[in-house]
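Structural characterization, general
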Amino acid sequence: MSIVFAAITPHPPILIPAIGKENLSKLKNTSEAYQELEESLYVREAETIIIISPHGLISSGSFTMNLSPEFILSFEDFGDLVTKMKLVGDIGLAYKIRESLETKAPLQLISEPNLDHGSGVPLFLLAQGLKNANFQRRQAKIIPLYYCGLDLEAHFQFGQLLKKELLASKNRIGVIASGDLSHRLTKDAPAGYSRQGAKFDKKLIEYLKNKKTSEIIKMNEKLISDAGECGLKSIAILLGILDGIKYEPRILSYEGPFGVGYLTAEFIFD
Ligand SMILES: [Zn+2]
């Protein structure tokens, strides 16, 4: 099997040390979960990472794949002028995916070397370890992917189509669904408080834990929009990729100290 790693990650810029500073300690569980993921990604020797983000170019009717020989992570939008990192794109696999999906799914290509924070935060935290672990050559190549305005079912189906291409590849592939859960957990939450926020997060985590994929894809639209999340469609694509593959879900952490639900989870393969 060529899919060797799969995870759900949150993307608060606070996790970047130069941005989070003293606030970083409030995300201790998430930081520790990220360390576990980093080790796992390294041990599983992922060669290519597909990262699904909510914060790149989001078009209404078409998924977007970002193809570039080189990507730059920078967090200048968050006042951090220091942190920077370069990553290499997997152009070969991206082209293959485009070619085979061309007639089957709405997929557009862009070339944008500067990555959004939805891709940037997880990649900075996870791909860094690969680079530091002596072997430069083990730094994984990446393919950033952005979800779109279509419904959850379309995202799940897109994941199913993508899976076929990933399984046909000789590369060892990791898939990361980047996304935060409700932004409305507390009175001082960025999107204002809603009782539905915590309810949505709890339900989604319960469904993930029990592999109730079809319940996730059918989740109530009103509940989803009241929750004010950004991660569900990333997760729907990942679940499509995992459909039919044997895995065990592991919830590594969930916390929301700033009113936004941060879930970190890994899917373990045999
Ligand atoms: Zn987000």
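Throughout this document, residue positions are counted from 1 along each chain, in the order its sequence is written. Local features in a predicted model are, by the rule used here, given only for residues with pLDDT of at least 70; side-chain atom pairs are given and counted only at 80 or more, and totals for whole chains, interfaces and linings are based on all residues. As a rule here, side-chain values come from all non-hydrogen atoms in the structure, and water together with hydrogens is ignored.

1. Here's the deal with the pattern of salt bridges
Our working rule: Here, a salt bridge means any Lys or Arg side-chain nitrogen found within 4 Å of an Asp or Glu carboxyl oxygen. Secondary structure elements are taken from DSSP: a helix is a run of H or I of four residues or more, a strand is a run of E of two residues or more, and numbering for both begins at the N terminus. A 1.4 Å probe rolled over the protein chains alone gives each residue an accessible area, and that area as a share of the maximum for its type sets the label: buried under 20%, exposed over 50%, partly exposed in between.
In the structure shown here, the tally under the stated rule is eight salt bridges. A salt bridge links E70 to K86, with the shortest nitrogen-to-oxygen separation between them at 4.0 Å. With E70 in strand β4 (residues 70–75) and K86 in strand β5 (residues 80–88), this pair connects stretches of sequence that are 16 residues apart. Put simply, K84 and E76 hold a salt bridge, and the shortest N to O gap is 3.0 Å. Judged by its relative accessible area of 43%, E76 falls in the partly exposed class.

2. A word on the coordination of the zinc ion
Going by this rule: Listed donor atoms are N, O and S within 2.8 Å of the metal (Na, K and Ca: 3.2 Å). As water is not included, a site may look incomplete.
Distances from the zinc ion to its protein donors, H11 (NE2), H55 (NE2) and C230 (SG), fall within 2.0 to 2.2 Å. Counting gaps between the donor residues of the zinc ion yields the pattern H-x43-H-x174-C. Of this pair, H11 sits in the loop between β1 (3–9) and α1 (17–20) while C230 sits in the loop between α8 (221–227) and α9 (232–242); the two residues are 219 residues apart in sequence, bridging distant segments of the chain. Residues H11 and C230 agree in their burial class; the two are buried.

3. Things to note about the packing of aromatic side chains
Inclusion rule: Only Phe, Tyr and Trp rings are paired, with Trp represented by its six-membered ring, and only when their centres lie within 6.5 Å; those with planes under 30 degrees apart are stacked, over 60 edge-to-face, the remainder tilted. Distance and angle both matter: a charge sits over a ring if NZ of Lys or CZ of Arg is within 6 Å of the ring centre and within 35 degrees of the ring normal.
Under the criterion given, the structure shown has three aromatic pairs. A ring pair is formed by F63 and F158, whose centres lie 4.0 Å apart and whose planes are at 10 degrees; its orientation type is stacked. With F63 in strand β3 (residues 63–66) and F158 in helix α5 (residues 152–168), the pair connects residues that are 95 residues apart, well separated along the chain. No difference in accessibility class separates F63 from F158, as the two residues are buried. The ring of Y247 has K211 lying over it, and the distance from NZ or CZ to the ring centre is 4.7 Å.

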